[in-house]
Amino acid sequence: MARVSIGLTVNGQAVSAEVEPRMTLADFLRDELGLTGTKLGCEHGVCGACTVLIDGAAVRSCLMLAVQAEGADVLTIEGLSHNGLHPVQEAYWEHHGLQCGFCTPGMVLTAYAFLQERPDPSDEEIREALAGNLCRCTGYQNIVVAVRAAAEKLAGAR
Ligand code: FES
Ligand code: FES
């Protein structure tokens, strides 16, 4: 299949590549760039494990083609943590918001994007914001606690 040239920014770095038009953004990030922090669960847009930020918005990278990211600014979990753990990650760690960790990169990026928009959310708003990210381990309670703690950390840092 003919390959297509794309150019985008990933975690602050300019990236150019030639990809098959059918390659998903998730596969591009993982297989071409080695950014395996982005997880693949369902590959059908259901679980949210593959969530990355595109121009600041949470997107399921299994549902997006790499060619559709032409010109975009992509943030993966590796980019969030390049200077040590981000406060959202610290909060997940401190409040046991993860067990196996498979859902965690998508959860953290979704929470990060949500807290940019809603810096002081209620627990109900946190649950609603994370409703599209499935976790098979935690029962969600500690995730909500962690996101609330992350909001407080970020407020303290402002
Ligand atoms: S792997 Fe993309 S939503 Fe499940
Ligand atoms: S911590 Fe295991 S799936 Fe969420």
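Residues numbered from 1 in each chain as written. Chains lettered and ligands numbered in written order. Predicted model: local features only at pLDDT ≥ 70, side-chain atom pairs only at ≥ 80, totals over all residues. Heavy atoms only, no water.

## Brief notes about the nonpolar core
Counting residues in hydrophobic clusters, the biggest one holds 26 residues, and the most contacted among them are V88, Y92, M107, L115, L130, I143 and V147. Elements with a minimum of two residues in this core: α2 (77-80), α3 (87-94), α4 (104-117) and α6 (141-157). The contact partners of M107, leaving out residues within four places of it in the chain, are Y92, L130, N133, L134, C135, Y140 and I143. Among the nonpolar cores identified, the runner-up in size contains 18 residues, and L29, L35, M64 and A66 belong to it. (Core = buried A, V, L, I, M, F, W, Y, C linked by side-chain atoms within 4.5 Å. Buried < 20%, exposed > 50% of the residue type's maximum accessible area, 1.4 Å probe, protein only. Helix = DSSP H or I, 4+ residues; strand = E, 2+ residues; numbered from the N terminus. Contact = heavy atoms within 4.5 Å.)

## A short note on the pattern of salt bridges
Taken as a whole, this structure holds five salt bridges when the rule is applied. Between E20 and R22 there is a salt bridge, with its nearest N and O atoms 2.6 Å apart. The class of R22 is exposed, set by a relative accessible area of 57%. Beyond isolated ion pairs, a larger network of salt bridges with shared partners links E90, E94 and K153. (Salt bridge = Lys/Arg side-chain N within 4 Å of Asp/Glu carboxyl O.)

No statement about biological role is implied by the geometric values presented.
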